[in-house]
Amino acid sequence: MKTKLLTKQDIETAAAILRDGGLLGIPTETVYGLGADGLNPKAVRRIFEAKGRPQDNPLILHIPDASWLERYCCGVPETAYVLAERFWPGPLTMILPRREIVPDAVTCGLDTVGIRCPNHPVTLAIIRLAGVPVAAPSGNLSGRPSPTRAAHMLEDMDGRIDAIVDGGPCGVGVESTIIDLTAPVPRLLRPGGLPLEALREVLGDVAVDRAVLAPLSAGEKPKAPGMKYRHYAPKAPVTVVAGPGEGTARYIRERMGKHTGVICFDEFAGGFPGCTVNPIGSGRDPGEQARRVFDALRAFDGTDVTEIFAQCPGDAGLGLAVANRLKKAAGFQVVEIGEDAP
Ligand code: AMP
Ligand code: MG
């Protein structure tokens, strides 16, 4: 199969691919998605094949506005509408009880479905024109860093899908925040492009699932099935070095060699001579770090780097999502440097 690169003018071609059961790369504000008609089980199963995605990791349904919620979900709580009003279109996925019409292929047999309205005019227009909800995970091969540009998605998916719509680089850069509204207390399943603080402002109490912060122990069943897999990983192994900038930079300097890759804040980019250095923005700007973190991870592939060290932001704002992606890329191989390390 030859994968076509479409532009934002090709909305009709893109919508026809979805309606015909094809696979389409879609731009969103978070990352590029690999979309198919979410009501067509055969098309949805092709997503799993193209990505090499484990069969028990469900997909998110993308809709053009909150008025479509009732079509695919039942018992929608008032809070879902409050959140939609405030944050949609935007990087927030809500887990809600599903209706029968949603195929098992999307939910992997769960009685809930993840649903979101992406903030990208081209993709919203395509979904409206197709007239179907679009099931889409991130558009990378399973386990690889998520794509934030059409060219990165093409690297992983060329020959495997019908087309990719080039909508430019993603403005947010990390996937959506996932909140489970079926739990007694709303539960954060994945930190993402909408900060936890913004959710707490609206919902008050929000529980944070343990898998957000630490690896699952053997046999433990995750609430978001995707959380149990190794994720976002470049080819070389990653070690996250968490803590204050000076201390973490020093730790990396003491261990670096010719084949060391470094992900760091801009302030420290000059401090690793001889290494392959991919800065992700100022240490004070987690929004910029989110936009750049996946590109930085991906950029080590095809270099002679055999090990990667990464500085890591704190948990405030989008820092929680950036830190989560880096730690997952590292398989939770994390070194903590204390505040007063010598
Ligand atoms: P991706 O967009 O590639 O990150 O994949 C979608 C994410 O949404 C995965 O981490 C899934 O585990 C999660 N997800 C989708 N549907 C559900 C659901 N019904 N319950 C919990 N997590 C879900
Ligand atoms: Mg993904």
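This one's a predicted model, so the numbers in the text were calculated from it and none came from an experiment. (Residues numbered from 1 in each chain as written. Chains lettered and ligands numbered in written order. Predicted model: local features only at pLDDT ≥ 70, side-chain atom pairs only at ≥ 80, totals over all residues. Heavy atoms only, no water.)

Caption draft 1: Representation of the overall build of the chain within the structure. Of the regular secondary structure elements, the chain holds eleven helices and 16 strands. Since a compact globule built from 342 residues should have a radius of gyration of about 20 Å, the 20 Å found for the chain is in line with a globular shape. For the chain, the spread of C-alpha atoms along the three principal axes comes to 60 × 45 × 35 Å. Taking all 342 residues of the chain together, 57% fall into the buried category. By sequence separation, contacts in the chain at least 24 residues apart represent 67% of the contacts at least 6 residues apart. Mean positive and mean negative side-chain charge positions of the chain (38 and 40 charges, respectively) differ by 4 Å. (Helix = DSSP H or I, 4+ residues; strand = E, 2+ residues; numbered from the N terminus. Rg over C-alpha atoms; globule rule 2.2 N^0.38 Å. Buried < 20%, exposed > 50% of the residue type's maximum accessible area, 1.4 Å probe, protein only. Contact = heavy atoms within 4.5 Å. Lys, Arg positive; Asp, Glu negative; His and termini not counted. Charge placed at Lys NZ, Arg CZ, Asp CG, Glu CD.)

Caption draft 2: Local environment of the nonpolar core. Ranked by internal contacts, the top residues of the largest apolar core, which has 65 residues, are L24, M94 and L199. Those residues in contact with M94 that sit more than four places away from it in its chain are A80, L83, A84, W88, V113, G114, I115, I179 and L181. Ranked by size, the runner-up nonpolar core spans 39 residues in total, among them V293, F294, I308 and F309. (Core = buried A, V, L, I, M, F, W, Y, C linked by side-chain atoms within 4.5 Å.)

Caption draft 3: The arrangement of the sheet that holds strand 14 (residues 276–279) in detail. The five strands lie next to each other as 14-13-15-12-16, forming an open sheet whose pairing is parallel. Since the sheet does not close on itself, it has two edges, and those belong to strand 14 and strand 16 (334–336), each with one partner. Adjacent strand axes in the sheet meet at a mean angle of 20 degrees when their direction is disregarded. Bridging between strand 13 (residues 260–264) and strand 15 (residues 307–312) involves four bridges; their strand directions are parallel. Among the inter-strand pairings, T260 is bridged to a residue of strand 15, identified as E307. Helix-sheet contacts for helix 9 (residues 245–255) involve strand 12 (238–242), strand 13, strand 15 and strand 16, and the interaxial angle to strand 15 is about 170 degrees. Contacts from helix 11 (residues 319–329) reach strand 12, strand 13, strand 15 and strand 16 within the one sheet, and its direction differs from that of strand 15 by about 160 degrees. (Pairing = 2+ DSSP bridges. Axes fitted to C-alpha atoms, helices over the stretch in contact; angles between N-to-C directions.)

Caption draft 4: Expanded view of the sheet that holds strand 10 (residues 187–190). Within the open sheet, the eleven strands sit side by side as 1-8-2-3-7-4-6-5-9-10-11. Their pairing is mixed. The sheet is open, and its two edges are formed by strand 1 (4–6) and strand 11 (207–208), each paired on a single side. Bridge count between strand 2 (residues 24–26) and strand 8 (residues 163–165): two bridges; the pairing is parallel. Paired with L24 across the two strands is A163, which belongs to strand 8. Running over the sheet, helix 4 (residues 78–87) touches strand 5 (92–97) and strand 9 (177–180) and is turned about 160 degrees from strand 5.

Caption draft 5: Region of interest: the pattern of salt bridges. Inspection of the entire model under this criterion finds 18 salt bridges. With a shortest N-O distance of 3.1 Å, E201 and R86 are connected by a salt bridge. Of this pair, E201 sits in helix 8 (residues 196–203) while R86 sits in helix 4, and the two are 115 residues apart along the sequence. What makes R86 partly exposed here is its relative accessible area of 48%. Between R291 and E288 there is a salt bridge, with its nearest N and O atoms 3.1 Å apart. One end of the pair, R291, and the other, E288, are both in helix 10 (residues 286–298), three residues apart, so they sit about a helical turn from each other. For R291, a relative accessible area of 35% puts it in the partly exposed group. (Salt bridge = Lys/Arg side-chain N within 4 Å of Asp/Glu carboxyl O.)

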